[in-house]
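Now for the letters of each chain:
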Amino acid sequence: MVGEMTMKKKKVLFMVISMNVGGTEKALLNMISMMPKKEYDITIQMLEKKGGFIKSIPEWVKIKTLDEYKKIKEILNDPPPRVIMGLLKKRKLLTAFIMLILYSLTHLTKERSILYQYLLRNIRFKEEYDVAVAYAGPMDFISYFVVKKIKAKLKYQWIHFDITKVGFNPYFARKIYRKFNNIFVVSKEGQTKLLNTIPNLKNKTETFYNVLLKEEIQRMADQGQGFQDNFNGIRILTVGRLSIEKGQDITIPVLSKLRHEGYDVKWYCIGEGKARKEYEKLISDFNVRNEFILLGTNPNPYPFMKECDLYVQPSRHEGYCITLGEAMSLNIPIICTDFTGAKEQIKHNINGVLVNFNQEQLYQEIKRIIDDKKFRKELIENSKSLSLNSNKEKSKIKAIF
(Lines give C-alpha, C1' and ligand atoms only; values in the text may rest on other atoms or scores of the structure.)
Protein backbone atom coordinates (compact mmCIF):
# COMPACT_ATOMS: atom_id res chain seq x y z
CA MET A 1 0.00 0.00 0.00
CA VAL A 2 1.48 3.30 -1.13
CA GLY A 3 0.78 6.49 0.76
CA GLU A 4 1.44 8.23 3.98
CA MET A 5 0.05 6.52 7.04
CA THR A 6 -1.64 8.63 9.68
CA MET A 7 -0.06 8.08 13.07
CA LYS A 8 -2.53 7.54 15.86
CA LYS A 9 -2.17 10.13 18.61
CA LYS A 10 -1.49 9.01 22.15
CA LYS A 11 -4.35 10.01 24.46
CA VAL A 12 -2.93 11.38 27.72
CA LEU A 13 -4.82 12.74 30.73
CA PHE A 14 -3.22 14.81 33.49
CA MET A 15 -5.29 15.28 36.64
CA VAL A 16 -4.63 18.34 38.84
CA ILE A 17 -6.43 20.40 41.47
CA SER A 18 -6.54 23.61 39.41
CA MET A 19 -4.16 25.74 37.35
CA ASN A 20 -3.12 28.23 40.00
CA VAL A 21 0.20 30.00 39.44
CA GLY A 22 2.53 27.53 41.13
CA GLY A 23 5.48 25.24 40.57
CA THR A 24 3.49 22.05 39.97
CA GLU A 25 1.29 23.73 37.38
CA LYS A 26 4.29 25.37 35.69
CA ALA A 27 6.07 22.02 35.52
CA LEU A 28 3.00 20.52 33.83
CA LEU A 29 2.87 23.31 31.23
CA ASN A 30 6.57 22.84 30.52
CA MET A 31 6.07 19.10 30.04
CA ILE A 32 3.12 19.61 27.70
CA SER A 33 5.19 22.04 25.62
CA MET A 34 7.54 19.09 24.94
CA MET A 35 4.66 16.91 23.67
CA PRO A 36 3.86 17.78 20.00
CA LYS A 37 0.23 18.32 19.01
CA LYS A 38 0.64 15.93 16.08
CA GLU A 39 1.62 13.08 18.42
CA TYR A 40 -0.52 13.63 21.51
CA ASP A 41 -4.18 14.20 22.35
CA ILE A 42 -3.89 15.79 25.80
CA THR A 43 -6.57 16.45 28.41
CA ILE A 44 -6.10 18.35 31.66
CA GLN A 45 -8.69 17.17 34.18
CA MET A 46 -9.12 19.71 37.01
CA LEU A 47 -11.11 19.49 40.18
CA GLU A 48 -11.95 23.18 39.70
CA LYS A 49 -11.46 25.34 36.61
CA LYS A 50 -9.56 28.24 38.09
CA GLY A 51 -6.07 29.72 38.29
CA GLY A 52 -3.79 32.21 36.61
CA PHE A 53 -2.17 29.56 34.40
CA ILE A 54 -5.40 28.57 32.61
CA LYS A 55 -4.63 31.14 29.90
CA SER A 56 -1.21 29.54 29.43
CA ILE A 57 -2.67 26.14 28.45
CA PRO A 58 -2.21 25.58 24.69
CA GLU A 59 -5.47 25.94 22.73
CA TRP A 60 -5.26 22.38 21.41
CA VAL A 61 -5.22 20.86 24.92
CA LYS A 62 -8.64 19.83 26.20
CA ILE A 63 -9.79 21.08 29.60
CA LYS A 64 -12.24 19.14 31.75
CA THR A 65 -13.53 19.78 35.24
CA LEU A 66 -14.99 17.41 37.80
CA ASP A 67 -18.37 19.08 38.29
CA GLU A 68 -19.24 16.75 41.15
CA TYR A 69 -16.33 18.13 43.17
CA LYS A 70 -18.35 21.23 44.11
CA LYS A 71 -20.88 18.99 45.87
CA ILE A 72 -18.30 17.04 47.88
CA LYS A 73 -15.60 19.70 48.45
CA GLU A 74 -16.77 20.57 51.97
CA ILE A 75 -17.02 16.90 52.96
CA LEU A 76 -13.44 16.33 51.79
CA ASN A 77 -11.88 19.45 53.27
CA ASP A 78 -13.89 20.57 56.33
CA PRO A 79 -13.52 19.03 59.81
CA PRO A 80 -15.93 16.07 60.26
CA PRO A 81 -17.84 17.65 63.20
CA ARG A 82 -18.60 20.74 61.09
CA VAL A 83 -19.80 18.60 58.17
CA ILE A 84 -22.09 16.49 60.38
CA MET A 85 -23.50 19.52 62.22
CA GLY A 86 -24.18 21.20 58.88
CA LEU A 87 -26.11 18.17 57.64
CA LEU A 88 -28.11 18.00 60.88
CA LYS A 89 -29.05 21.68 60.59
CA LYS A 90 -30.35 20.96 57.07
CA ARG A 91 -32.33 18.00 58.51
CA LYS A 92 -30.40 15.51 56.37
CA LEU A 93 -30.42 12.95 59.16
CA LEU A 94 -29.68 9.84 57.09
CA THR A 95 -26.77 11.50 55.28
CA ALA A 96 -25.40 12.74 58.61
CA PHE A 97 -25.57 9.19 60.01
CA ILE A 98 -23.82 7.75 56.94
CA MET A 99 -21.07 10.38 57.17
CA LEU A 100 -20.61 9.63 60.87
CA ILE A 101 -20.07 5.94 60.03
CA LEU A 102 -17.69 6.77 57.16
CA TYR A 103 -15.63 9.22 59.20
CA SER A 104 -15.38 6.63 61.98
CA LEU A 105 -14.16 4.00 59.53
CA THR A 106 -11.57 6.35 58.04
CA HIS A 107 -10.33 7.06 61.55
CA LEU A 108 -10.01 3.33 62.29
CA THR A 109 -8.31 2.45 58.98
CA LYS A 110 -6.18 5.64 59.06
CA GLU A 111 -6.98 6.40 55.41
CA ARG A 112 -9.94 7.65 53.38
CA SER A 113 -10.48 5.16 50.55
CA ILE A 114 -13.90 4.12 51.86
CA LEU A 115 -14.99 7.77 52.01
CA TYR A 116 -13.84 8.37 48.42
CA GLN A 117 -15.59 5.21 47.28
CA TYR A 118 -18.89 6.43 48.73
CA LEU A 119 -18.60 10.01 47.41
CA LEU A 120 -17.65 8.86 43.90
CA ARG A 121 -20.10 5.93 43.73
CA ASN A 122 -22.19 7.43 40.91
CA ILE A 123 -19.34 8.74 38.74
CA ARG A 124 -18.60 6.84 35.53
CA PHE A 125 -16.05 7.84 32.87
CA LYS A 126 -16.57 6.24 29.45
CA GLU A 127 -13.55 7.71 27.69
CA GLU A 128 -10.36 5.65 27.68
CA TYR A 129 -6.80 6.97 27.59
CA ASP A 130 -3.41 5.53 26.76
CA VAL A 131 -1.91 7.19 29.84
CA ALA A 132 -3.55 8.78 32.91
CA VAL A 133 -1.42 10.77 35.35
CA ALA A 134 -2.23 11.72 38.94
CA TYR A 135 -0.05 14.79 38.55
CA ALA A 136 -0.91 16.79 41.69
CA GLY A 137 0.85 14.39 44.00
CA PRO A 138 0.72 13.51 46.69
CA MET A 139 -2.99 14.30 46.86
CA ASP A 140 -4.91 11.21 47.94
CA PHE A 141 -8.21 12.13 46.31
CA ILE A 142 -6.66 12.59 42.86
CA SER A 143 -4.58 9.41 43.21
CA TYR A 144 -7.70 7.44 44.14
CA PHE A 145 -9.70 8.99 41.29
CA VAL A 146 -7.11 8.10 38.64
CA VAL A 147 -6.77 4.53 39.93
CA LYS A 148 -10.48 3.83 40.39
CA LYS A 149 -12.37 6.06 37.96
CA ILE A 150 -10.17 6.69 34.89
CA LYS A 151 -9.83 4.06 32.19
CA ALA A 152 -6.24 3.96 30.92
CA LYS A 153 -3.70 1.43 29.71
CA LEU A 154 -0.98 3.01 31.85
CA LYS A 155 -1.33 5.00 35.06
CA TYR A 156 1.36 7.16 36.64
CA GLN A 157 1.68 8.92 39.98
CA TRP A 158 3.76 12.11 40.20
CA ILE A 159 5.22 13.25 43.55
CA HIS A 160 6.09 16.96 43.71
CA PHE A 161 6.64 17.45 47.42
CA ASP A 162 8.75 16.25 50.32
CA ILE A 163 6.46 13.53 51.69
CA THR A 164 7.88 13.92 55.19
CA LYS A 165 6.56 17.50 55.35
CA VAL A 166 3.11 17.50 53.71
CA GLY A 167 0.92 15.14 55.75
CA PHE A 168 1.61 12.14 53.50
CA ASN A 169 -0.52 9.12 54.41
CA PRO A 170 1.56 5.90 54.11
CA TYR A 171 -1.47 3.68 54.85
CA PHE A 172 -3.27 5.08 51.80
CA ALA A 173 -0.14 5.04 49.63
CA ARG A 174 0.64 1.39 50.39
CA LYS A 175 -2.86 0.47 49.28
CA ILE A 176 -3.23 2.66 46.18
CA TYR A 177 0.27 3.39 44.83
CA ARG A 178 0.95 -0.27 44.02
CA LYS A 179 -1.78 0.01 41.37
CA PHE A 180 0.16 2.63 39.40
CA ASN A 181 2.47 1.39 36.65
CA ASN A 182 5.13 3.93 37.62
CA ILE A 183 5.73 6.58 40.27
CA PHE A 184 7.84 9.59 39.36
CA VAL A 185 9.42 11.80 42.05
CA VAL A 186 10.84 15.21 41.13
CA SER A 187 14.14 14.85 43.03
CA LYS A 188 16.49 12.03 44.05
CA GLU A 189 16.28 13.07 47.68
CA GLY A 190 12.47 13.06 47.45
CA GLN A 191 12.57 9.58 45.92
CA THR A 192 14.79 8.32 48.74
CA LYS A 193 12.35 9.66 51.34
CA LEU A 194 9.43 7.94 49.59
CA LEU A 195 11.24 4.59 49.43
CA ASN A 196 12.39 4.86 53.04
CA THR A 197 8.70 5.08 53.94
CA ILE A 198 7.38 2.46 51.48
CA PRO A 199 10.31 0.26 50.36
CA ASN A 200 8.19 -2.11 48.24
CA LEU A 201 7.60 0.66 45.69
CA LYS A 202 11.27 0.54 44.64
CA ASN A 203 10.78 -1.36 41.38
CA LYS A 204 8.30 1.14 39.99
CA THR A 205 9.73 4.44 41.29
CA GLU A 206 12.22 6.76 39.62
CA THR A 207 13.35 10.38 39.60
CA PHE A 208 11.94 12.72 36.96
CA TYR A 209 13.23 16.29 37.31
CA ASN A 210 10.83 19.07 36.37
CA VAL A 211 11.43 20.21 32.80
CA LEU A 212 12.90 23.71 32.49
CA LEU A 213 12.64 25.68 29.26
CA LYS A 214 15.73 27.88 29.54
CA GLU A 215 15.31 29.59 26.17
CA GLU A 216 11.63 30.32 26.86
CA ILE A 217 12.47 31.77 30.30
CA GLN A 218 15.08 34.05 28.76
CA ARG A 219 12.66 35.11 26.01
CA MET A 220 9.89 35.94 28.51
CA ALA A 221 12.40 37.82 30.68
CA ASP A 222 12.92 40.22 27.78
CA GLN A 223 9.20 40.71 27.18
CA GLY A 224 7.18 41.87 30.19
CA GLN A 225 7.84 44.77 32.54
CA GLY A 226 10.00 44.37 35.59
CA PHE A 227 10.54 46.79 38.47
CA GLN A 228 8.91 50.21 38.08
CA ASP A 229 9.94 51.99 41.29
CA ASN A 230 13.22 53.60 40.12
CA PHE A 231 15.04 52.17 43.14
CA ASN A 232 18.83 52.29 42.78
CA GLY A 233 19.85 50.10 45.73
CA ILE A 234 20.11 46.31 46.09
CA ARG A 235 17.00 44.42 44.99
CA ILE A 236 16.31 41.01 46.55
CA LEU A 237 13.58 38.86 45.00
CA THR A 238 11.60 35.83 46.20
CA VAL A 239 8.99 34.05 44.06
CA GLY A 240 6.44 31.69 45.54
CA ARG A 241 3.02 31.27 47.09
CA LEU A 242 2.58 33.35 50.26
CA SER A 243 2.47 30.47 52.72
CA ILE A 244 4.33 29.22 55.75
CA GLU A 245 6.03 26.38 53.84
CA LYS A 246 7.58 28.91 51.44
CA GLY A 247 9.26 30.64 54.38
CA GLN A 248 8.78 34.33 53.54
CA ASP A 249 8.14 35.02 57.23
CA ILE A 250 11.85 34.77 58.10
CA THR A 251 12.86 37.19 55.35
CA ILE A 252 11.00 40.15 56.88
CA PRO A 253 13.12 40.41 60.07
CA VAL A 254 16.23 39.76 57.97
CA LEU A 255 15.40 42.76 55.79
CA SER A 256 14.74 44.87 58.88
CA LYS A 257 18.19 43.98 60.24
CA LEU A 258 19.87 44.77 56.91
CA ARG A 259 18.18 48.17 56.81
CA HIS A 260 19.15 48.83 60.44
CA GLU A 261 22.78 48.05 59.55
CA GLY A 262 22.67 50.67 56.81
CA TYR A 263 22.22 48.52 53.70
CA ASP A 264 20.23 50.22 50.93
CA VAL A 265 18.10 47.20 50.07
CA LYS A 266 14.50 46.34 49.18
CA TRP A 267 12.92 42.88 49.20
CA TYR A 268 10.22 41.99 46.66
CA CYS A 269 7.91 38.96 46.77
CA ILE A 270 5.98 37.71 43.74
CA GLY A 271 3.12 35.40 44.68
CA GLU A 272 -0.19 35.30 46.49
CA GLY A 273 -1.59 33.12 49.23
CA LYS A 274 -3.34 32.63 52.55
CA ALA A 275 -0.48 34.07 54.60
CA ARG A 276 -0.71 37.57 53.08
CA LYS A 277 -2.42 39.17 56.10
CA GLU A 278 0.04 37.53 58.48
CA TYR A 279 2.95 38.83 56.41
CA GLU A 280 1.45 42.32 56.14
CA LYS A 281 1.34 42.44 59.96
CA LEU A 282 4.97 41.31 60.18
CA ILE A 283 5.97 43.95 57.62
CA SER A 284 4.25 46.59 59.75
CA ASP A 285 5.70 45.24 63.02
CA PHE A 286 9.25 45.39 61.64
CA ASN A 287 8.64 48.83 60.12
CA VAL A 288 9.60 47.87 56.55
CA ARG A 289 6.35 48.86 54.81
CA ASN A 290 8.22 50.79 52.10
CA GLU A 291 11.02 48.25 51.74
CA PHE A 292 9.31 44.84 51.74
CA ILE A 293 7.03 44.81 48.71
CA LEU A 294 4.33 42.20 48.05
CA LEU A 295 3.83 42.34 44.30
CA GLY A 296 1.05 39.74 44.07
CA THR A 297 0.83 36.91 41.60
CA ASN A 298 2.38 37.18 38.14
CA PRO A 299 2.50 34.42 35.49
CA ASN A 300 5.69 36.03 34.13
CA PRO A 301 8.11 36.77 37.01
CA TYR A 302 11.15 36.54 34.75
CA PRO A 303 11.65 40.27 34.00
CA PHE A 304 11.87 40.80 37.77
CA MET A 305 14.30 37.89 38.12
CA LYS A 306 16.48 39.28 35.37
CA GLU A 307 16.63 42.72 37.01
CA CYS A 308 17.15 41.68 40.65
CA ASP A 309 20.57 41.66 42.33
CA LEU A 310 19.95 38.58 44.45
CA TYR A 311 17.39 35.78 44.38
CA VAL A 312 16.46 34.15 47.71
CA GLN A 313 14.38 30.96 48.09
CA PRO A 314 13.68 30.63 51.86
CA SER A 315 11.39 27.57 51.77
CA ARG A 316 10.86 25.30 54.74
CA HIS A 317 10.31 22.43 52.33
CA GLU A 318 10.03 21.69 48.61
CA GLY A 319 10.00 18.66 46.34
CA TYR A 320 12.07 20.21 43.59
CA CYS A 321 11.88 23.98 43.40
CA ILE A 322 11.14 25.03 39.83
CA THR A 323 11.49 28.77 40.56
CA LEU A 324 15.04 28.09 41.76
CA GLY A 325 15.83 26.49 38.42
CA GLU A 326 14.24 29.43 36.62
CA ALA A 327 16.42 31.90 38.55
CA MET A 328 19.47 29.81 37.65
CA SER A 329 18.51 30.09 33.99
CA LEU A 330 18.88 33.86 34.26
CA ASN A 331 22.33 33.73 35.91
CA ILE A 332 21.44 35.47 39.17
CA PRO A 333 23.27 35.14 42.51
CA ILE A 334 21.14 32.73 44.57
CA ILE A 335 20.69 31.89 48.23
CA CYS A 336 18.34 29.06 49.16
CA THR A 337 17.53 27.02 52.22
CA ASP A 338 18.65 23.40 52.22
CA PHE A 339 15.26 21.87 51.38
CA THR A 340 14.70 18.56 49.59
CA GLY A 341 16.29 18.67 46.14
CA ALA A 342 18.27 21.89 46.74
CA LYS A 343 21.66 20.14 46.60
CA GLU A 344 20.65 18.66 43.25
CA GLN A 345 20.43 22.19 41.84
CA ILE A 346 22.85 24.33 43.87
CA LYS A 347 26.56 23.65 44.38
CA HIS A 348 27.32 25.48 47.63
CA ASN A 349 29.55 28.55 47.16
CA ILE A 350 29.90 27.77 43.45
CA ASN A 351 26.64 28.63 41.65
CA GLY A 352 24.76 29.64 44.79
CA VAL A 353 24.71 29.52 48.57
CA LEU A 354 22.88 26.97 50.73
CA VAL A 355 21.77 27.93 54.24
CA ASN A 356 19.82 26.28 57.01
CA PHE A 357 16.34 27.61 57.71
CA ASN A 358 17.80 30.20 60.05
CA GLN A 359 17.39 33.98 60.15
CA GLU A 360 20.92 34.79 61.32
CA GLN A 361 22.58 32.53 58.75
CA LEU A 362 20.45 33.98 55.97
CA TYR A 363 21.30 37.50 57.12
CA GLN A 364 25.06 36.78 57.19
CA GLU A 365 25.07 35.21 53.70
CA ILE A 366 23.10 38.09 52.17
CA LYS A 367 25.63 40.49 53.74
CA ARG A 368 28.49 38.44 52.27
CA ILE A 369 27.06 38.52 48.75
CA ILE A 370 26.33 42.27 48.95
CA ASP A 371 29.77 43.14 50.39
CA ASP A 372 31.94 40.74 48.38
CA LYS A 373 31.55 41.83 44.76
CA LYS A 374 34.17 39.33 43.58
CA PHE A 375 32.23 36.43 45.14
CA ARG A 376 28.99 37.72 43.64
CA LYS A 377 30.60 37.85 40.18
CA GLU A 378 31.92 34.28 40.61
CA LEU A 379 28.41 33.00 41.43
CA ILE A 380 27.05 34.64 38.27
CA GLU A 381 29.81 33.24 36.03
CA ASN A 382 29.52 29.74 37.49
CA SER A 383 25.73 29.72 37.08
CA LYS A 384 26.19 30.20 33.33
CA SER A 385 28.10 26.93 33.04
CA LEU A 386 26.18 24.97 35.69
CA SER A 387 22.60 25.89 34.75
CA LEU A 388 20.29 22.89 34.60
CA ASN A 389 19.90 20.85 31.43
CA SER A 390 16.49 19.22 30.85
CA ASN A 391 17.49 17.16 27.81
CA LYS A 392 17.38 13.89 29.75
CA GLU A 393 13.87 14.61 30.99
CA LYS A 394 12.76 15.66 27.50
CA SER A 395 13.84 12.27 26.13
CA LYS A 396 12.06 10.51 29.01
CA ILE A 397 8.75 12.13 28.02
CA LYS A 398 8.64 10.26 24.73
CA ALA A 399 9.65 7.01 26.40
CA ILE A 400 6.99 7.01 29.12
CA PHE A 401 4.10 8.46 27.11
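Refer to the structure above for everything that follows.
Let me sum up the structure you'll find in this document.

Each value, and the rule that gives it
- Residues numbered from 1 in each chain as written.
- Predicted model: local features only at pLDDT ≥ 70, side-chain atom pairs only at ≥ 80, totals over all residues.
- Heavy atoms only, no water.
- Pairing = 2+ DSSP bridges.
- Helix = DSSP H or I, 4+ residues; strand = E, 2+ residues; numbered from the N terminus.
- Axes fitted to C-alpha atoms, helices over the stretch in contact; angles between N-to-C directions.
- Contact = heavy atoms within 4.5 Å.
- Buried < 20%, exposed > 50% of the residue type's maximum accessible area, 1.4 Å probe, protein only.
- Lys, Arg positive; Asp, Glu negative; His and termini not counted.
- Salt bridge = Lys/Arg side-chain N within 4 Å of Asp/Glu carboxyl O.
- Polar contact = N/O pair within 3.5 Å; in protein donor to acceptor, adjacent residues only side chain to side chain.
- Phe/Tyr/Trp six-rings, centres within 6.5 Å; stacked < 30°, edge-to-face > 60°.

### Quick notes on the sheet that holds strand E12 (residues 334-337)
Across a sheet, paired strands are connected by hydrogen bonds in the backbone, their directions being either parallel or antiparallel.
(1) Moving on: Here we have 6 strands laid out as an open sheet, ordered E10-E9-E8-E11-E12-E13, and parallel in their pairing. Looking at which strands have only one partner, the edges of the open sheet turn out to be strand E10 (292-296) and strand E13 (353-355). Averaged over all pairs of adjacent strands, the angle between strand axes in this sheet comes to 20°, irrespective of strand direction.
(2) Moving on: Set on the sheet, helix H14 (residues 359-371) makes contact with strand E8 (234-239), strand E9 (265-270), strand E11 (310-313), E12 and E13; between it and E13 the angle comes to about 160°.

### Describing the environment of Ile217
(1) Moving on: Mapped onto the elements of the fold, Ile217 is located in helix H9 (residues 214-221).
(2) Moving on: Accessibility expressed as a relative area gives 4% for Ile217, which makes it buried.
(3) Moving on: As a C-alpha pair, Ile217 and Leu310 span 93 residues in sequence and 17 Å in three-dimensional space.
(4) Moving on: If we ignore the near neighbours within four places in the chain, the residues touching Ile217 are Leu212, Tyr302, Glu326, Ser329 and Leu330.

### A closer look at the side chain of Glu25
(1) Moving on: Looking at the secondary structure, you find Glu25 in helix H1 (residues 23-33).
(2) Moving on: No salt bridge is formed by the buried Glu25; the nearest opposite charge belongs to Arg241, separated by 6.6 Å.
(3) Moving on: Ignoring anything within four residues of it in the chain, the contact list for Glu25 reads Ser18, Met19, Asn20 and Phe53.

### Here we look at the sheet that holds strand E7 (residues 205-207)
(1) Moving on: Ordered by their spatial adjacency, 7 strands build an open sheet running E3-E2-E1-E4-E5-E6-E7, and the pairing between neighbours is parallel. Of all the strands in the sheet, just strand E3 (62-65) and E7 have a single pairing partner and so form its edges. Each neighbouring strand pair of the sheet contributes to a mean axis angle of 25°, computed without reference to strand direction.
(2) Moving on: Relative to strand E2 (residues 40-46), strand E1 (residues 10-16) is paired through 7 bridges, and the arrangement is parallel. Its bridge partner being in E2, Phe14 is matched across the sheet by Ile44.
(3) Moving on: The strands touched by helix H6 (residues 140-149) within the sheet are E1, strand E4 (128-134) and strand E5 (151-159), with E4 carrying the most contacts at an inclination of about 160°.

### Structural notes on H1
(1) Moving on: In terms of burial, H1 is a largely internal element, 9 of the 11 residues being buried.
(2) Moving on: Every buried residue of H1 is listed here: Thr24, Glu25, Lys26, Ala27, Leu28, Leu29, Asn30, Met31 and Ile32.
(3) Moving on: Tucked inside the fold, the buried residues of H1 contact E1, E2, E5, helix H12 (302-307), helix H13 (322-329) and helix H16 (391-400).

### Details of the side chain of Asn331
(1) Moving on: Among the structural elements, Asn331 can be located in the loop between H13 and E12.
(2) Moving on: One polar contact links Asn331 to Ser383, side chain to side chain, over a distance of 3.4 Å.

### Points about the environment of Ile150
(1) Moving on: Note that Ile150 resides in the loop between H6 and E5.
(2) Moving on: Given the relative accessible area of 3%, Ile150 is considered buried.
(3) Moving on: C-alpha separation for the pair Ile150 and Lys126, spaced 24 residues apart in sequence, amounts to 8.4 Å.
(4) Moving on: Every residue in contact with Ile150, bar those within four places of it in the chain, is listed here: Phe125, Tyr129, Ala132, Phe145 and Lys155.

### With respect to the packing of aromatic side chains
(1) Moving on: Under the criterion given, the structure shown has 20 aromatic pairs.
(2) Moving on: Taking the centre distance of 5.9 Å and the plane angle of 85° together, the rings of Phe14 and Tyr135 count as edge-to-face. With Phe14 in strand E1 and Tyr135 in the loop between E4 and H6, this pair connects stretches of sequence that are 121 residues apart.
(3) Moving on: For Phe14, a relative accessible area of 0% gives the class buried.
(4) Moving on: The exposure class of Tyr135 is buried, given its relative accessible area of 1%.
(5) Moving on: Arranged with centres 6.3 Å apart and planes meeting at 45°, the rings of Phe141 and Phe145 form a pair that is tilted. With a gap of 4 residues between them, Phe141 and Phe145 both fall in helix H6, about one helical turn apart.
(6) Moving on: A relative accessible area of 2% means that Phe141 is categorised as buried.

So, to be careful, I would describe these as geometric facts and stop short of saying anything about function.
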